[in-house]
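Coordinates in review
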Amino acid sequence: MLQYYEPEKDFGTPPSLATETVGLMIDGVAVDVPVGTSVMRAASEVGIKIPKLCATDSLEAFGSCRMCMVEIQGRKGYPASCTTPAEEGMVVNTQTDKVAGLRRNVMELYISDHPLDCLTCPTNGNCELQDTAGEVGLREVRYGYEGNNHLDAEKDQSNPYFTFDPSKCIVCSRCVRACEETQGTFALTIDGRGFESKVSPSQNEDFMASECVSCGACVAACPTATLTENTIINLGQPEHSVITTCAYCGVGCAFKAEMRGNTVVNMTPWKDGKANEGHACVKGRFAFGYATHQDRITSPMIRDSIDDPWQEVSWDEAFGFAADRLRETQQKYGPNSIGGISSSRCTNEEVWLVQKMVRAGFGNNNIDTCARVCHSPTGYGLKTTLGESAGTQSFASVAKSDVIIVMGANPTDAHPVFASRLKKRLREGAKLIVVDPRKIQLVDAPHVKADFHLQVRPGTNVAFINAMAHVIVTEGLEAKAFIAERCETPTYDQWAAFIGDKQQSPEATESITGIPAADVREAARLFATGGNGAIYYGLGVTEHSQGSTTVMGIANLAMLTGNIGREGVGVNPLRGQNNVQGSCDMGSFPHELPGYRHISDGETRGTFERDWNVSLDAEPGLRIPNMFDAAIDGDFKGLYCHGEDIAQSDPNTHHVEAALSSLDCLIVQDLFLNETAKFAHVFLPGSSFLEKDGTFTNAERRISPVRQAMPPQAGLADWEATMGLAKALGVDMHYDHPSEIMDEIARLTPTFTGVSYDRLDELGSIQWPCNEANPDGTPTMHIDEFVRGKGFFAVTEFTPTDERATRKFPLLLTTGRILSQYNVGAQTRRTENNSWHDEDILEIHPHDAEERGIKDGDWGGIQSRVGDTVLRVKVSENVQPGVVYTTFHHPFSGANVVTTDNSDWATNCPEYKVTAVQVSKVVAPSSWQDRQKKFNEQQLELLKGAKRRDETARQPG
Amino acid sequence: MSENSIDHLVKMANQIAAGVPVAGTEAKVDGTASHINKFWTPLMKQQISDFVSRGGEGLTPVAAEAVARLSN
């Protein structure tokens, strides 16, 4: 939706959620508003704009600027309309000679200490102070400008994304309040008193050195040019905007891409976006520069061997080369010798086309997705217990939670905008139980303290979740009526007998989990009796050999306590990438057609066969790890890898590299020559989320529009490239616009029947299921009954992982991510986000470090049974003794050289979270890192030598 | 050996037999067979079945019985 640039309407104060209303008159206009609405907002509702500076509708009223004063009949003085609630029968005048004069006087004082450089000011044309000075009719400043002032206050340019210019500050506290109320970090304060009052990050530090997390909430809230995006300073104000959806994590924030021509000037979180409601994080808000980074590859390329230089070719030549190679491979090695991997970073429409091309064009079900390595256990576990492979709630639901379990997730870093909602609820008094081997930020954050931090030993989640359920069942705290009405009785009885056994008790499992039994008992009682209980979990649950079992254990716990089917409760997987939910919904798994319907289901298969006019294989295809095994065995020789960097992100790098090296035809479609592309024979340039239309589906099943803001750099959007390859393979595939692909999705997928681009334009976003029964979508699932009918209590026996600490490998390595980087870092490493994290670090407990003679900043060699690598060490009490931790955002870190191919029993999701390792002090990189450096240099040389194919042909010899 | 090393398949089958979320041996055998049938490729199923017909050493009793049922 292309719009001329216009700041969104600001009602001044937040809406009241009350249902009862009051009626009042404002400037002779009758208005009815919910009880608790401010006079300012009531006026704004009927189009009367009261001048304001410290008020904005994302923050609670503050009443400091004195600009919004009004007259109210029968009341003395001139109350601030932002802090005055509307009352029944009230008669308000917003513009009288008296208030007009008072406002001008107040504005005069502000401007007496403000630079008069409006024409050269970066916010010229988008400045509330400038606008308000105009509204109140300020014509002179009688005090002059020679008195004490702040005009020489020094700028803070430490943050790479925004500049703090205190000379323009009016000390309205909007930034401070945004940091507190919106973001929940409390990094800013007003330091000093009276004339000395000034905004201060932390204890008078610069922004970069402070606790600031660069979410941009303060910048968005600032009514002057005090806090301004550097892109605005450098490029000027935008002239149009496009509403779209962030391409980073599974929160799926809505943004306005604010543009000048085809240049993004600013990414502003969209107030009407239901996932984020106007908030953002450092990635979505600022880290968009990768889209125009010089490393982007914008021409298709081919080569016969990975030792050859790349040749730039036309799209058609690339499609023809790739299709010929794939067909030759199938002729030589059989129809099942090729496959594809779809991307959770691409749109639903693109994923749909990839799985369609594999099924209809490759003629097999060798299609998998990167969700294999993150949330495939969620799909399995929730489908088994509840009947649908998706989370049950909206993010907004957390505002009604009373007891919240956060298990194996680190929302402040990985899902920061949801974390801000969560922290707000915790500040209101909700209880928090954190289950994590590490001390994540939520354990002890400003104004947030976990009631329990259950520091579970990696690999023992199932024993823990069983112990929680054991306490509830044996102490009679279960929701008996809910279970009787909503769940299968025979399986519940079987499960209750299993879970009630003493083997599952906190006392019996304490030696396994490392969590004191008394803490488990208290936490279980709190969850069962504390009101609305919600469970949020992440990859610390799924990426285990019993990942699916833990997901089922979580669903058991929710059903056991009746915490399903209303707001404030539920089972909530925090998805890693932007479209993990969507890529799974779109039939990316080798055993499932879109909508989670098994490929062996003849009726469903028939529907697709008729629509696509092909015959489909009724047997499951290869999962990603199966593809690797088959490649090494010599049976799998061709792969289309769509927007995923398996060489960096998948476990046991040696194994992955051996598999990729075994392929005769590797086609990579990506923005950059990523680690996987260095093994490729065909490179199809990808398009960023700014360059195409489509939809993403976030962790709350919300389908949100992705809209083209600039043309594709390589000429084709990803959906067009996949369509081109499919056509070259002989697949009958033609779409003029992604909306037509969505129409096909809706036609063939029962949970998407009511979804269309028109409906998305109308509603903004839609949470599936959206069909005849739920025409506007489904914010909360399983309200009256589970999708599977009755809830299924899964028997969740604890089986210890094979990855156990031994004499040779006495430590357990677990992995995670940090705020500023995203996944393999392909995007964020190409932005200023590297200022915060330019290398992966190994965290080790002081006790383990001392035993090994390792100090902070040393190089640590990490060795597992499959490989070794070297990282710089940080000695930290965030990890418990016996556990070490790192991230995997940088390719040369080789974190996955160490992780093994041990995987979840049900889904083969890798056990990234548990690897037995030894750590020792070293002085040189590992042999893999040396080899990787040389390989990378060689591949970059081959890229540098890339020439047009016709030029290559003309060269002699 | 093609597609997957047999050791890996044996490990996967044993993991499934230990992981299927039901109580009782008979239900576990059924669950394991159903899981393998639902998620493994025909070649993988064939390989594990052949392995069982050769003795199936290394498979747990539940896994072995489940694989035997695949062939029936």
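Throughout what follows, the structure given in this document is the object of discussion.

Here is what the cut-offs are and how they apply
- Residues numbered from 1 in each chain as written.
- Chains lettered and ligands numbered in written order.
- Predicted model: local features only at pLDDT ≥ 70, side-chain atom pairs only at ≥ 80, totals over all residues.
- Heavy atoms only, no water.
- Helix = DSSP H or I, 4+ residues; strand = E, 2+ residues; numbered from the N terminus.
- Rg over C-alpha atoms; globule rule 2.2 N^0.38 Å.
- Buried < 20%, exposed > 50% of the residue type's maximum accessible area, 1.4 Å probe, protein only.
- Contact = heavy atoms within 4.5 Å.
- Areas by Shrake-Rupley, 256 points an atom, 1.4 Å probe, with all protein chains shown as cover.
- Salt bridge = Lys/Arg side-chain N within 4 Å of Asp/Glu carboxyl O.
- Polar contact = N/O pair within 3.5 Å; in protein donor to acceptor, adjacent residues only side chain to side chain.
- Core = buried A, V, L, I, M, F, W, Y, C linked by side-chain atoms within 4.5 Å.
- Pairing = 2+ DSSP bridges.
- Axes fitted to C-alpha atoms, helices over the stretch in contact; angles between N-to-C directions.
- Arc of directions from axis to C-beta.
- Buried area = accessible area lost by both parts, 1.4 Å probe.
- Nonpolar A, V, L, I, M, F, W, Y, C, P; charged D, E, K, R; others polar.
- Phe/Tyr/Trp six-rings, centres within 6.5 Å; stacked < 30°, edge-to-face > 60°.
- Lys NZ or Arg CZ within 6 Å of the ring centre and 35° of its normal.
- Expected span 1.5 Å × (residues − 1).
- Patch = residues over 30% accessible without salt bridge, like charges linked within 9 Å, V, L, I, M, F, W, Y side chains within 5 Å.
- Lys, Arg positive; Asp, Glu negative; His and termini not counted.
- Charge placed at Lys NZ, Arg CZ, Asp CG, Glu CD.
- Left-handed = near helix turned anticlockwise from the far one by under 90°.

A short note on the overall build of chain A
Within chain A, the secondary structure is distributed over 31 helices and 38 strands. In summary, chain A has a C-alpha radius of gyration of 29 Å against a globular reference of 30 Å for 957 residues, a match within 12%. Counting only C-alpha atoms, chain A reaches 90 × 80 × 65 Å along its principal axes. When each of the 957 residues of chain A is scored for burial, the buried share is 64%. Nonlocal contacts in chain A, meaning residues at least 24 apart in sequence, comprise 73% of its contacts between residues at least 6 apart. In the structure as shown, chain A presents an accessible area of about 33,700 Å², 48% of it carried by carbon and sulfur atoms.

Overview of the pattern of salt bridges
By the definition in use, this model includes 50 salt bridges over all chains. One salt bridge connects Asp444 of chain A with Lys449 of chain A, and the closest N-O pair in it is separated by 3.9 Å. In this structure, the salt-bridge partner of Asp30 of chain B is Arg69 of chain B, at a minimum N-O distance of 2.6 Å. Note that Asp30 of chain B is positioned in helix α2 (residues 25–39) and Arg69 of chain B in helix α4 (residues 61–71), a separation of 39 residues in sequence. Connected via shared salt-bridge partners are Glu475, Glu507, Arg521, Glu522 and Arg525 of chain A.

Thoughts on the environment of Arg359 of chain A
All names here are of chain A. Structurally, Arg359 can be placed in helix α9 (residues 348–362). Arg359 sits in the buried class, given a relative accessible area of 1%. In the structure, Arg359 is positioned 219 residues away from Glu140 in sequence and 73 Å away in space, judged by C-alpha atoms. Beyond its immediate sequence surroundings of up to four residues, Arg359 is in contact with Asn364, Asn365, Ile367, Gly587, Phe589, Pro590, Glu592, Leu593, Ile599, Trp612 and Leu616. Within the structure, Arg359 has its side chain in polar contact with the side chain of Gln355 (distance 2.8 Å).

Structural notes on the nonpolar core
Residues and elements named next belong to chain A. Within the largest apolar cluster, 70 residues are counted, with the highest numbers of intra-cluster contacts made by Leu227, Ile404, Leu432, Leu442 and Leu690. At four residues, helix α12 (residues 416–427) tops the list of elements feeding residues into this core. Counting 61 residues, the second-largest nonpolar core is a separate cluster that includes Leu539, Ala714, Ala721 and Val755.

Looking at the environment of Asn230 of chain A
Of note, Asn230 of chain A is situated in helix α6 (residues 230–235). Setting aside its immediate chain neighbours within four residues, Asn230 of chain A contacts Asn159, Pro160, Tyr161, Phe162 and Thr163 of chain A.

Topic: the pairing of strand β10 (residues 240–245) of chain A
Consecutive residues of a regular strand have side chains that alternate between opposite faces of the sheet. All names here are of chain A. Of all the six residues making up β10, six are buried; the element is thus mostly covered by neighbouring parts of the structure. With burial as the criterion, each face of β10 is covered, one bearing His240, Val242 and Thr244 and the other bearing Ser241, Ile243 and Thr245. Of the pairings in the sheet, the one linking β10 to strand β11 (residues 254–260) comprises six bridges and is antiparallel in character. When the sheet's bridge partners are listed, Ser241 is paired in β11 with Glu258.

What about the sheet that holds strand β35 (residues 868–875) of chain A?
Residues and elements named next belong to chain A. Taken in spatial order, the six strands line up as β32-β36-β33-β35-β34-β37 and close into a barrel, and their pairing is mixed. For this sheet the average axis-to-axis angle between neighbouring strands, irrespective of direction, equals 45°. Examined bridge by bridge, strand β33 (residues 841–844) and β35 share four bridges and lie parallel to one another. Its bridge partner being in β35, Ile841 is matched across the sheet by Arg872.

Considerations on helix α24 (residues 653–661) of chain A
An α-helical turn contains 3.6 residues, so any two residues separated by three or four positions project in the same direction. All names here are of chain A. Taken together, the buried positions of α24 are Thr653, Val656, Glu657, Ala659 and Leu660. In a view along the axis of α24, the buried residues occupy a sector of 160°, so they form one face of it. Check the buried side of α24 and you find it contacts α22 (624–633), α23 (646–649), β27 (665–670), α29 (895–898) and α30 (927–944).

Quick look at the interface of chain A and chain B
The interface of chain A with chain B comprises 28 residues on the first partner and 26 residues on the second. Of all residues in chain A, Asp633, Val795 and Trp905 of chain A give up the largest surface area on contact with chain B, accounting jointly for 24% of the area buried on that side. Applying the counting rule to chain A against chain B returns three salt bridges. Between Asp802 of chain A and Lys11 of chain B there is a salt bridge, and its shortest N-O distance comes to 3.3 Å. Taken together, the links from chain A to chain B amount to nine residue pairs in polar contact (both at pLDDT 80 or more). Listed by contribution, the elements that provide at least two residues to the side of chain A that touches chain B are α10 (376–385) and α22 of chain A. At four residues, α22 of chain A tops the list of elements feeding residues into the side of chain A that touches chain B. Here the side of chain A that touches chain B is built from residues that sort into ten nonpolar, eleven polar and seven charged.

So, the packing of aromatic side chains
Residues and elements named next belong to chain A. Across all of its chains, the model carries 22 aromatic pairs over all chains by this definition. On the basis of an interplanar angle of 65° and a centroid distance of 6.1 Å, the ring pair of Tyr248 and Tyr290 is categorised as edge-to-face. With Tyr248 in the loop between β10 and β11 and Tyr290 in the loop between α7 (282–286) and β13 (301–302), this residue pair connects regions lying 42 residues apart in the sequence. By the burial criterion, Tyr248 is buried, and Tyr290 matches it. Measuring from centroid to centroid gives 4.9 Å for Tyr492 and Phe793, while their planes differ by 70°, and the two rings are edge-to-face. Of this pair, Tyr492 sits in helix α15 (residues 489–500) while Phe793 sits in the loop between β31 (766–767) and β32 (811–816), placing them 301 residues apart in sequence. An aromatic cluster of three or more residues is present, and its members are Tyr161, Phe162, Phe164, Phe207, Phe286 and Trp836. Seen from the ring of Phe786, Arg486 lies directly overhead, with NZ or CZ sitting 4.6 Å from the centre. Positioned above the aromatic ring of Phe672, the side-chain terminus of Arg830 is 3.9 Å from the ring centre.

A closer look at the pairing of β27 of chain A
Residues and elements named next belong to chain A. Of all six residues in β27, six are buried; the element is thus mostly enclosed. Judged by which residues are buried, β27 turns out to be covered on both faces: Cys665, Ile667 and Gln669 on one side and Leu666, Val668 and Asp670 on the other are all buried. Where strand β26 (residues 638–642) lies against β27, five bridges are found, and the strand directions are parallel. Bridged to Tyr640 within β27 is Ile667. In terms of strand pairing, β27 meets strand β28 (residues 682–685) through four bridges, oriented parallel. When the sheet's bridge partners are listed, Val668 is paired in β28 with Phe683.

Examining α12 of chain A
All names here are of chain A. Taking 1.5 Å of rise per residue, the twelve residues of α12 would be expected to cover 16 Å, and the 16 Å separating its terminal C-alpha atoms lies within 8% of that figure. For α12, the tally of buried residues reaches ten of twelve residues, placing the bulk of the element in the interior. Taken as a whole, α12 has its buried residues at Pro416, Val417, Phe418, Ala419, Ser420, Arg421, Leu422, Lys423, Arg425 and Leu426. Backbone geometry just after α12 places Gly429 at a positive phi near 120°.

Digging into a negative patch on the surface
Residues Asp736, Glu740, Asp743 and Asp758 of chain A make up a contiguous surface patch of negative charge. Mapped onto the elements of the fold, Glu740 of chain A is located in helix α26 (residues 738–748).

Quick word on the packing of helix α2 (residues 97–111) of chain A against helix α3 (residues 128–136) of chain A
All names here are of chain A. Where α2 contacts α3, the axes come no closer than 9 Å and their chain directions differ by 145°. When you trace α2 past α3, the crossing you get is left-handed. Residues Arg103, Arg104, Met107 and Ile111 of α2 pack against Leu129, Thr132, Ala133 and Val136 of α3. Of the residues contributing to the contact of α2 with α3, the split by class is five nonpolar, one polar and two charged.

As for the side chain of Asp693 of chain A
Residue and element names in this part refer to chain A. Among the secondary structure elements, Asp693 is positioned in the loop between β28 and β29 (694–697). Here Asp693 occupies a buried position and makes no salt bridge, while the nearest side chain of opposite charge, Arg707, is found at 5.9 Å. Here the side chain of Asp693 touches Gln708 through a polar contact of 2.9 Å, landing on its backbone nitrogen. In this structure the side chain of Asp693 is engaged in a polar contact, spanning 3.3 Å, whose partner is the side chain of His737.

Describing the sheet that holds strand β17 (residues 403–407) of chain A
All names here are of chain A. On the basis of which strands lie adjacent, the open sheet formed by five strands has the order β21-β18-β17-β22-β23 and parallel pairing. If you trace the sheet from one side to the other, it starts and ends with β21 (452–454) and β23 (570–573), each paired once. The average angle at which neighbouring strand axes cross in this sheet is 15°, direction not considered. Judged from the four bridges that link them, strand β22 (residues 533–537) and β23 form a sheet pairing that is parallel. Following the sheet pairing, Ala534 is matched in β23 by Gly570. The strands touched by helix α13 (residues 461–474) are β17, β18 (431–435) and β21; relative to β17, the strand with the most contacts, the crossing angle is about 165°. Helix α19 (residues 547–560) contacts β17, β22 and β23 of the sheet and is inclined by roughly 170° relative to β22.

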